[in-house]
Each structure stands twice: as C-alpha cells, then as structure tokens.
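Topology and contacts: notes
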Amino acid sequence: MDHAGEAHRTDLMTITRYVLNEQSKHPESRGDFTILLNHIVLGCKFVCSAVSKAGLAKLIGLAGDTNVQGEEQKKLDVLSNEVFIKALVSSGRTCILVSEEDEEATFVQPPLRGKYSVVFDPLDGSSNIDCGVSIGTIFGIYMIKDAHEPTIEDVLQPGKNMLAAGYCMYGSSCTLVLSTGSGVNGFTLDPSLGEFILTHPDIKIPQKGKIYSVNEGNAKNWDGPTAKYVENCKFPIDGSPAKSLRYIGSMVADVHRTLLYGGIFLYPADKKSPNGKLRVLYEVFPMSFLMEQAGGQAFTGKQRALDLIPTQIHERSPVFLGSYDDVEEIKALYAAEENTE
Ligand code: AFP
C-alpha cells in the first residue's frame, strides 16, 4: 500500500466535515441537525450496500422469497424503509416521520423525541430494481412547532418551510445531493473509505437546457399547455434546435441528470390522474427545493411548487422542474391558457 499517497487523501472534504463547517456558522447550534444528517447519511450507506448486493441476492433467492438459510428475504423497499426508520428514530432528533412506505405518519416516542420531522421515500423508483437501473432515497426535513405536542400539521407545511432536502442516488456510483438552504452540494461515496466526499460543490443548474424528460406514453391524456410545451421541445417555433428526450422513470436519476445538464423534468396532470403521480411531501417538495437552491424553478401548473400547502401526507401534485428559462416557458403556456378561459 502506498501510505504516502494515501496520506494526501486525508484533507478531503467529507460530508461530516462539510456539515460541521456549516454548523460552525451558527454559534447557537447545539449540533442536533448535524446528528440528524449523520443518521440520514448512515441510512444511505446501508441502503447503498443492500442495493449493490441486489443482483447477487437474486442468484441465491428472490427478494420476498426464502433464502438458503431458510430466512425470508425482505424486499429492498421494505428493508430500506426499516433502515431509515431505525436510523432516524435512533438519532434522538426526530419527532414525526412520513415515509412513502407507511400509510400513517410515525410519531416518535417521547424519550427519543427531537425537534425535526423527516419526510422521505426510502427507495424511489423501485420498479427499476430488477433491471439494475439507478434508484434513490429522497428526503426533506422540517422543524416542528412544539416537540411536546407534535401534530400532523407539523408535516403539512409548504415546501418552502423545509430546512433541508436531498437525495441519494444508487447508481454506477452512490451520490448524495444535499441542500441545507444555502446552495446545493453533491457528495460521492468512496467505498474504500466508507465516506461521502464532496465531488460536486455548489451545483448550479444551467439557465436553459437541451433535454426534456417526461413519460410521453401518457401524451394522449395531457392538457393543452403540457402538450403544446412538449410539441415545442420537438418542433421549436423560434428556430432553435429541438431538445433531446431522456426518461429513466426513476425520479432521482431523471432529476439528477436535469440538475447537472439542465433542461426540464415533468410529471404533469393528465385526464386519468388529475393530480399527476408524484407525491408532494417526499418527491415534489425536496426536488423543488434543490432545484430552486441550484438556480432553477419548480412549478405545479398553477403555482410555485414550494408554495403548495398539502392537506394529506400522501398527496400528489403535477410538477415541472428544471432550468429557469425552460420552466418559465411552461409557466407562460399555463398563464396564456388561463387568460383565454
Ligand atoms: P416506482 O417507485 O413505482 O418505480 O415509481 C417511480 C416514480 O415514483 C418516480 O421515481 C418516477 O419519476 C415516476 O414514478 C415514473 O412514473 P411512470 O412510470 O408513470 O413514468
């Protein structure tokens, strides 16, 4: 082993060092938020390890089946949910947890209660697991109003009230993208160190992009502005080059590409699903928060996505998010339609 070479690596900006640096900007901080983030990071490392073994696990027994030891193998999404619930509760810093996997919110028992609530999708894009396509965890963090008397209203807050949001993508590498409200940073897991290293500092989304990302199989049910927007991506009326279509069907992967390369990701309403498909609390809000922090925009077809006030924990909303100018175009089409009504 080249110890001299390895020594150079100890000045890396790990996610722990980054979060501690951020904490030091708030002298009043008691480190609760840092502890919570550390537990989220731990959950991501566990899920990353489980996802990377998923193909192998299939060789010795299908998820949901019984393995060679006679133990039942948990489905990855169920396992990921348990991993995050345990990691979050044991942090001692959470009060209410909302997971995509659980119908009801989890209220943490008083001895382990803290002042934050976390909304999350432990394994988004799970229909892509079996073919090895990138999937991810999405999370958002709120401060609750009163730790002694938490209520469901504490998580039914508009996305603009989030303190932090992020996602971890389990792909060819494991990448954690985080915003604590002052920009967006990306960290890549170095498996040899077991540490997330800052690899994408201060991510800014390009002002305008060359890619649109949508499930075009739903086109026959779209409303006028969405149909017109996508038509314009393919046959621009101003003579600009047509946009390329890229769609993975895994929100974390589609949003990650959009954040880095620019363009627009849309999951609009359609006649069959008037509220679209994506969930407000743990899909639309965290991704919209990251987009705005990176200089982009997120719109629901009616309003700024982060202004939406959810009334139910698993509520859905249409969303258009990405480069500032691209979202501006779809906003103009919805505004024009409203004026003709
Ligand atoms: P699954 O978790 O069922 O795979 O859904 C993934 C998802 O919630 C989101 O990650 C994708 O952007 C979106 O659904 C894809 O939906 P369509 O398959 O309808 O395009």
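Predicted model only: the values in this text are computed from it and were never measured.

Regarding its fold elements, the protein chain presents 9 helices and 13 strands. Here the protein chain has a C-alpha radius of gyration of 21 Å; the compact-globule value for 341 residues is 20 Å, and the two agree. The C-alpha extent of the protein chain, read off along each of the three principal axes, is 60 × 50 × 45 Å. Out of the 341 residues belonging to the protein chain, those deemed buried represent 50%. Within the protein chain, residue pairs in contact and separated by at least 24 positions form 63% of the contacts whose partners lie at least 6 positions apart. Accessible surface computed for the protein chain: about 16300 Å², of which carbon and sulfur atoms make up 53%. Averaging the positions of the 32 positive and the 43 negative side-chain charges in the protein chain gives two centres separated by 2 Å.

Burial along strand β11 (residues 264-267) is two-sided: Ile 264 and Leu 266 and Phe 265 and Tyr 267, pointing in opposite directions, are all buried. Bridge count for β11 against strand β13 (residues 319-322) is 4 bridges, and the pairing is antiparallel. Paired with Ile 264 across the bridge in β13 is Gly 322.

On to the pattern of salt bridges. In this structure the tally under the stated criterion is 14 salt bridges. Between Asp 32 and Arg 30 there is a salt bridge; the shortest N-O distance is 3.9 Å. With a closest N to O distance of 3.4 Å, Asp 326 and Lys 208 form a salt bridge. Taken together, the residues span a long stretch of sequence, with Asp 326 in helix α9 (residues 324-340) and Lys 208 in the loop between β8 (195-200) and β9 (211-213) at a distance of 118 residues. Residue classification places Asp 326 among the buried positions, given a relative accessible area of 0%. It is possible to trace a salt-bridge network through shared partners that takes in Arg 30, Asp 32, Arg 93 and Lys 115.

On to the side chain of Glu 22. Within the fold, Glu 22 resides in helix α2 (residues 15-24). The exposure class of Glu 22 is buried, given its relative accessible area of 14%. Not counting the four nearest positions on each side in its chain, Glu 22 is found in contact with Thr 180 and Ser 182.

As a further point, take the UniProt feature "domain: Fructose-1-6-bisphosphatase class 1 C-terminal" (unreviewed entry) in the protein chain. Summarizing the sequence annotation, UniProt attributes the feature "domain: Fructose-1-6-bisphosphatase class 1 C-terminal" (unreviewed entry) to residues 205-334 in the numbering used throughout. In the segment residues 205-334, helix accounts for 36% and strand for 12%; the C-alpha atoms at its two ends are 23 Å apart.

All told, the structure shown has 6 aromatic pairs when counted by the stated rule. Linked through ring pairs, Phe 299, Phe 320 and Tyr 334 together constitute an aromatic cluster.

Looking now at the nonpolar core. Judged by nonpolar contacts, the single largest core of 38 residues is most densely connected at Ile 40, Ile 141, Tyr 170 and Phe 196. Of all elements in the fold, only α2, α3 (32-52), α5 (76-90), β3 (113-124), β4 (135-143), β5 (164-170), β6 (174-179) and β7 (185-190) reach the threshold of two or more residues within this core. The dominant element in this core, judged by the number of residues it contributes, is α3, at 10 residues.

Examined against the element boundaries, Thr 137 turns out to sit in strand β4. Only 2.7 Å separates the side chain of Thr 137 from the backbone oxygen of Pro 122, close enough to count as a polar contact. At 2.6 Å, the side chain of Thr 137 forms a polar contact with the side chain of Tyr 170. Residue contacts for Thr 137: discarding those within four places in its chain leaves Phe 84, Asp 121, Pro 122, Gly 166, Tyr 167, Cys 168, Tyr 170 and Val 252.

Once that is clear, we can look at the site of the ligand. The environment of the ligand is formed by 14 residues, the closest being Asp 124, Ser 127, Tyr 247, Met 251 and Tyr 267. Take Asn 215: an N or O atom from its side chain is 2.8 Å from an oxygen atom of the ligand. At a separation of 2.5 Å, an oxygen atom of the ligand approaches a polar side-chain atom of Tyr 247. Relative to its free-state accessible area of 480 Å², the ligand is covered by the protein chains to the extent of 78%. Among the residues making up the shell around the ligand, the classes are represented as 5 nonpolar, 6 polar and 3 charged.

Three or more residues of α2 are buried, namely Ile 15, Tyr 18, Val 19 and Glu 22. One face of α2 carries all of its buried residues, which in axial projection span an arc of 95°. Considering only its buried residues, α2 is in contact with α3, β6, β7 and β8.

This brings us to unusual backbone geometry. For Asp 202, which is not a glycine, the phi torsion comes out positive at approximately 45°. Following the sequence through the fold, Asp 202 ends up in the loop between β8 and β9. Relative accessible area serves as the criterion here: at 47%, Asp 202 is assigned to the partly exposed category.

What counts as what
Residues numbered from 1 in each chain as written. Predicted model: local features only at pLDDT ≥ 70, side-chain atom pairs only at ≥ 80, totals over all residues. Heavy atoms only, no water. Helix = DSSP H or I, 4+ residues; strand = E, 2+ residues; numbered from the N terminus. Rg over C-alpha atoms; globule rule 2.2 N^0.38 Å. Buried < 20%, exposed > 50% of the residue type's maximum accessible area, 1.4 Å probe, protein only. Contact = heavy atoms within 4.5 Å. Areas by Shrake-Rupley, 256 points an atom, 1.4 Å probe, with all protein chains shown as cover. Lys, Arg positive; Asp, Glu negative; His and termini not counted. Charge placed at Lys NZ, Arg CZ, Asp CG, Glu CD. Pairing = 2+ DSSP bridges. Salt bridge = Lys/Arg side-chain N within 4 Å of Asp/Glu carboxyl O. UniProt positions renumbered as here; feature names shortened; annotations may be inferred. Phe/Tyr/Trp six-rings, centres within 6.5 Å; stacked < 30°, edge-to-face > 60°. Core = buried A, V, L, I, M, F, W, Y, C linked by side-chain atoms within 4.5 Å. Polar contact = N/O pair within 3.5 Å; in protein donor to acceptor, adjacent residues only side chain to side chain. Near = heavy atom within 4 Å. Nonpolar A, V, L, I, M, F, W, Y, C, P; charged D, E, K, R; others polar. Arc of directions from axis to C-beta.

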